[in-house]
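# Chains, contacts and geometry: an overview
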Amino acid sequence: MSAPNKSYDPVEVEALKPEEIERMRDAALAAVAAATDLDALAHAKTAHTGGASPLALANREIGALPPQAKAEAGKRVGQARGAVNKALAARQSELEAERDARVLVEEAVDVTLPYDRRPAGARHPLTTLSERIEDIFVAMGYEVAEGPEVESEWFNFDALNFPPDHPARETQDTFFVEGPEGPGGSGESGVVLRTHTSPVQIRALLERELPVYVIAPGRVYRSDELDATHTPVFAQVELLAVDEGLTMADLKGTLDHMVVSLFGEGMTTRLRPNHFPFTEPSAEMDMLCYVCRGDSVGNPDRPCRTCSSEGWIELGGCGVVNPRVLTACGVDPEKYSGFAFGFGIERMLMFRHSVEDMRDIVEGDVRFTLPFGMEI
Ligand code: DAH
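Quick look at the structure, then. Keep in mind it's a predicted model, so treat the numbers as computed, not measured.

### A look at the site of the ligand
Near the ligand lie 15 residues; those nearest to it are H196, S198, R222, Q236 and E238. Take Q201: an N or O atom from its side chain is 3.1 Å from an oxygen atom of the ligand. One of the backbone nitrogen or oxygen atoms of A340 is found 3.3 Å away from an oxygen atom of the ligand. Starting from 350 Å² of accessible surface for the ligand in isolation, the protein chains cover 90%. If you map the ligand onto the pockets, it falls in the largest pocket. Mapped by element, the contributors of at least two residues to the shell around the ligand are β6 (233-243), β9 (312-321) and β10 (337-344). The residue inventory of the shell around the ligand, partitioned by class, reads 5 nonpolar, 8 polar and 2 charged.

So this is what it looks like as structure tokens:
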């Protein structure tokens, strides 16, 4: 027989004594306060509120108490557990806030740090413009043709019907690699740095089957000083079409299509009589001023700086292929005819992008090329 009332006294259950519960609560609160990071807090939580924690075990003891003792012990344990959970939640948000503040500092990106990567560079706008021009003609069925920059005098001048005493052959205009009388020279033809892309016309006619439709961009050389409007090395685009029945009208239509493609609807070209040994008739080609579109002409209120209020901008030379050139290349001028034109790409680039000094184009400074972007 058990002692009277003995088992109804919760104080008799060791784990439920008020001092004991207080000790458990204080130990838990101390552990929570001592946790300096979220991991430590997680450990403290398991140790003091987990299934095997002293408070949980004490809680379990309550079940064994008689009903009248349950309420008191339950309140005591419940309050202790509540205090611990409250402290845990408070410490949790404190530590999370600390962590967030630390991560913000530690993982911050300093956008003012000096840039230490090698800049990627950029394609030169001369290249992209040249490719854009090629594309216009490739879309019409033309092929891209090439020739050497170190060229025989025969291709550069003779085959293009330049007479032997033509001033362009003077050394003040042309860089000679080897004179006609030079070592190994045949006495007939020297070697020059090509002064224009027109020799590619000759190469195309000699190498290809007729009809010939070619577009030939490339570097050319002339003994000029480098200044704001001249450079001894520059780029040209040459076009040649040889077929049955081609006329000056085909040339004009082709030129107009090109300027519309490059500068937009409404653009056009005009031809002015000129002389080139390899075309007959020959013309200077102008395009409508792409800025004022001719509106500045005779209109002093609206002057145009780009074309000096002339309404037109000179682009290059063109004409109907001289029958002598066809003959030099073994093409029957009775059956075939053709047209050709050539112009400098630097000038076109200066027009299209308002570049004011040609030196900027040739100096190779990436600060010039980068703003043109990565046009591919
Ligand atoms: N080759 C000439 C130059 O460099 C430009 C030129 C004129 C090219 C008339 C042509 C042409 O194809 O037909 O000045």
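### Regarding the sheet that holds strand β8 (residues 279-288)
Strand order across the open sheet formed by 7 strands is β1-β5-β6-β10-β9-β8-β7, with mixed pairing between neighbours. The open sheet has two free edges, formed respectively by β1 (143-144) and β7 (269-276), since each of these has just one partner strand. Note that β9 and β10 share 5 bridges and pair antiparallel. Bridging from a neighbouring strand, G317 pairs with G342 of β10.

### Topic: the packing of helix α5 (residues 125-138) against helix α10 (residues 345-353)
It is the contact of α5 with α10, at a shortest axis distance of 10 Å, that shows an interaxial angle of 95°. As the angle between them shows, α5 and α10 are arranged roughly perpendicular. Contact with α5, carried on its side by P125, L126, L129, S130 and R132, involves I345, E346, M348, L349 and R352 of α10 and no other residues of that element. Residue composition of the contact of α5 with α10, by class: 6 nonpolar, 1 polar and 3 charged.

The rules behind the values
Numbers given for residues are sequential positions, taken from 1 along each chain in its written order. Local features in a predicted model are, by the rule used here, given only for residues with pLDDT of at least 70; side-chain atom pairs are given and counted only at 80 or more, and totals for whole chains, interfaces and linings are based on all residues. The basis for every side-chain value is the complete set of heavy atoms in the structure, and neither hydrogens nor water enter the calculation. In these notes, residues near a molecule or strand are those with any non-hydrogen atom within 4 Å of it. As used in this structure description, the phrase polar contact means that two N or O atoms lie within 3.5 Å; if the pair is within protein, one of them must be able to donate a hydrogen and the other to accept it, and residues adjacent in sequence are counted only when both atoms belong to side chains. Methods summary: accessible areas were calculated by the Shrake-Rupley approach with a probe of 1.4 Å, and residue burial reflects only the protein chains presented. Method remark: on a 1 Å grid restricted to protein atoms, a set of points is classed as a cavity if a 1.4 Å probe fits but cannot get out and as a pocket if it is open with protein on both sides within 12 Å along at least five of seven lines; lining residues have an atom within 4 Å of a point. Being in a pocket or cavity means that more than half of the molecule's atoms lie within 2 Å of its grid points. A run of H or I in DSSP becomes a helix once it reaches four residues, and a run of E becomes a strand once it reaches two; helices and strands are each numbered from the N terminus. Throughout this entry, Asp, Glu, Lys and Arg are counted as charged residues, while Ala, Val, Leu, Ile, Met, Phe, Trp, Tyr, Cys and Pro are counted as nonpolar. The remaining residues, Gly among them, count as polar. At least two bridges found by DSSP between two strands is the condition for calling them paired. For every element, the axis is a line fit to its C-alpha atoms; helices are fit only across the contacting stretch, and the angle between N-to-C directions ranges from 0 to 180 degrees. Note on terminology: angles under 35 degrees are roughly parallel, angles over 145 are roughly antiparallel, angles of 65 to 115 are roughly perpendicular, and the others are oblique. Any pair of residues with heavy atoms lying within 4.5 Å of one another is described as a contacting pair.

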